[in-house]
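# Per-entry structural report
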Amino acid sequence: MCTTCGCGHAETTIEGHDHQHNEHAHTHDHRHEHHHHTHDHSGHGEGSEAASPSRMLRMEQDILSKNNAYAADNRRWFNQHGILTLNLVSSPGSGKTTLLTRTLSELKDTLSMAVIEGDQQTVLDAERIRATGAQAIQINTGKGCHLDAHMVGHAMENLPIDDRSVLFIENVGNLVCPAAFDLGEACKVVILSVTEGEDKPLKYPDMFHAAGLMLLNKIDLLPHLNFDVDQCLDYARRVNPGIKVLQVSASTGEGMAQWYQYLQAMRQVALIGHAEAER
């Protein structure tokens, strides 16, 4: 799994950087301070010790510990600047980018917003985001299956963003690995399409347990599908009794007003925390 193998880490590229993302090679100053850790990759795939459960556990703990240190730096910087940061997670095809572009288009006159876009390849989604007028920066992870806090910290160096803004991090389409990686966000928002089946929360419990909000998307298609909404919500609450759920259609706009109210409420919480930090 990626917490032990570091899959695709050296293949990551970030717009505005003239080098590939490589944690070992960073010597420049970050926009906000990061701890300069190094990974010990010795023994990967070599010998019985490298493959032992205890060795794998130590590697996983090491990677997640380093990530959490970067995430704490990110969170501290976001709080200092009053920025509400949401980590949008889903499987591919959930309608995540469509939901995001509609949100940016409809709220651009009332909120300052920016986006960090994560994909394995291409800048297509970042271009869709920029077409709304929002600032966006692309992170391509290559073979990597998630964003991590160190990538996000570097992306912030080249992303123009105002204080008291809303930052959306659109993670790589994957319901497994992004659950384990804190990026410094205020909340993970999991988008689930009704075309995916109501049992997704049970199949991917770590993600739904980590999320504070579930957006059940594409509800305009419900008349054409055999999808049990109540069963889906029950499954989600079995995994995470405290999860909030909103039913939306990013295509038709149904339910989006509730999503916008949620954003405004979360932003007020971020602003209150920012004001308290300044005292």
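Look up: the structure comes first, before these words.
Scoring rules and cut-offs
- Residues numbered from 1 in each chain as written.
- Predicted model: local features only at pLDDT ≥ 70, side-chain atom pairs only at ≥ 80, totals over all residues.
- Heavy atoms only, no water.
- Helix = DSSP H or I, 4+ residues; strand = E, 2+ residues; numbered from the N terminus.
- Buried < 20%, exposed > 50% of the residue type's maximum accessible area, 1.4 Å probe, protein only.
- Areas by Shrake-Rupley, 256 points an atom, 1.4 Å probe, with all protein chains shown as cover.
- Expected span 1.5 Å × (residues − 1).
- Phe/Tyr/Trp six-rings, centres within 6.5 Å; stacked < 30°, edge-to-face > 60°.
- Axes fitted to C-alpha atoms, helices over the stretch in contact; angles between N-to-C directions.
- Parallel < 35°, antiparallel > 145°, perpendicular 65-115°, else oblique.
- Contact = heavy atoms within 4.5 Å.
- Nonpolar A, V, L, I, M, F, W, Y, C, P; charged D, E, K, R; others polar.
- Core = buried A, V, L, I, M, F, W, Y, C linked by side-chain atoms within 4.5 Å.
- Pairing = 2+ DSSP bridges.
- Arc of directions from axis to C-beta.

## A short note on the overall build of the chain
Scanning the chain for helices and strands turns up 10 helices and eight strands. For the chain, the residues scored as buried account for 53% of the 279 residues in total. Counting every atom, the chain has about 12,600 Å² of accessible surface; 49% of that belongs to carbon and sulfur.

## Topic: unusual backbone geometry
Backbone geometry places Arg-164, a non-glycine residue, at a positive phi of 65°. Looking at the element boundaries, Arg-164 is found in the loop between helix H6 (149-156) and strand S5 (166-170). Located in the positive-phi region is Lys-218, a residue other than glycine, with phi close to 65°. Within the secondary structure layout, Lys-218 lies in the loop between strand S7 (213-217) and helix H9 (229-239).

## Some thoughts on helix H4 (residues 96-107)
Over its 12 residues, H4 runs 16 Å from end to end, which matches the ideal 16 Å to within 8%, given 1.5 Å per residue. Restricting attention to buried positions, one finds in H4 the residues Lys-96, Thr-97, Leu-99, Leu-100, Thr-101, Thr-103, Leu-104 and Leu-107.

## Notes on the packing of aromatic side chains
One pass over the structure, following the stated rule, counts two aromatic pairs. Measuring from centroid to centroid gives 6.1 Å for Trp-77 and Phe-78, while their planes differ by 75°, and the two rings are edge-to-face. Look at Trp-77 and you get buried, because its relative accessible area is 6%. Residue Phe-78 is classed as buried on the basis of its relative accessible area, which comes to 2%.

## Observations regarding the packing of H4 against helix H10 (residues 256-278)
Two elements in contact, H4 and H10, have axes whose closest approach is 11 Å; the angle formed by their N-to-C orientations is 70°. As far as their axial angle goes, H10 and H4 are roughly perpendicular. On H10, the residues touching Leu-99, Arg-102, Thr-103, Glu-106 and Leu-107 of H4 are Met-256, Trp-259, Tyr-260 and Leu-263. Broken down by class, the residue content of the contact of H4 with H10 amounts to six nonpolar, one polar and two charged.

## Examining the nonpolar core
Core analysis: the largest hydrophobic core is formed by 29 residues, its most contacted members being Leu-86, Leu-104, Phe-168, Val-189, Leu-215 and Trp-259. Of all the secondary structure elements, the ones that give two or more residues to this core are strand S2 (84-90), H4, strand S3 (113-119), S5, strand S6 (187-193), S7 and H10. If you tally residues by element for this core, the top one is H10, at six residues. Not counting the four nearest positions on each side in its chain, Leu-86 is found in contact with Leu-167, Phe-168, Ile-169, Glu-185, Cys-187, Val-189, Trp-259, Leu-263 and Met-266. Core analysis: the second largest hydrophobic core is formed by 20 residues, Ile-219, Ala-236, Val-239 and Ile-243 among them.

## Digging into the pairing of S7
Counting buried residues along S7, five of its five residues qualify, which places the element largely inside the surrounding structure. The side-chain alternation of S7 yields two buried faces, one formed by Leu-213, Leu-215 and Asn-217 and the other by Met-214 and Leu-216. In terms of strand pairing, S6 meets S7 through five bridges, oriented parallel. In the sheet register, Ser-193 faces S7, and the bridge partner there is Asn-217.

## Digging into H9
For H9, the full list of buried residues reads Val-229, Cys-232, Leu-233, Tyr-235, Ala-236 and Val-239. Burial along H9 is one-sided: seen end-on, the buried residues are contained in an arc of 160°. In H9, the exposed positions angled more than 90 degrees off the buried face are occupied by Asp-230 and Arg-238.

## With respect to the sheet that holds strand S8 (residues 244-247)
A sheet is described by the order of its strands in space; here eight strands give the open sequence S1-S4-S3-S5-S2-S6-S7-S8, paired in mixed fashion. Every interior strand has two partners, whereas the edge strands, strand S1 (13-14) and S8, have only one. Of the strand pairs in this sheet, S7 and S8 are connected by four bridges, and their pairing is parallel. Across the sheet, Leu-215 pairs through a bridge with Leu-246, a residue of S8. This element, H10, spans S2, S5, S6, S7 and S8 of the sheet and lies at about 140° to S2.

In short, the description is geometric, and any link to function would need to be established separately.
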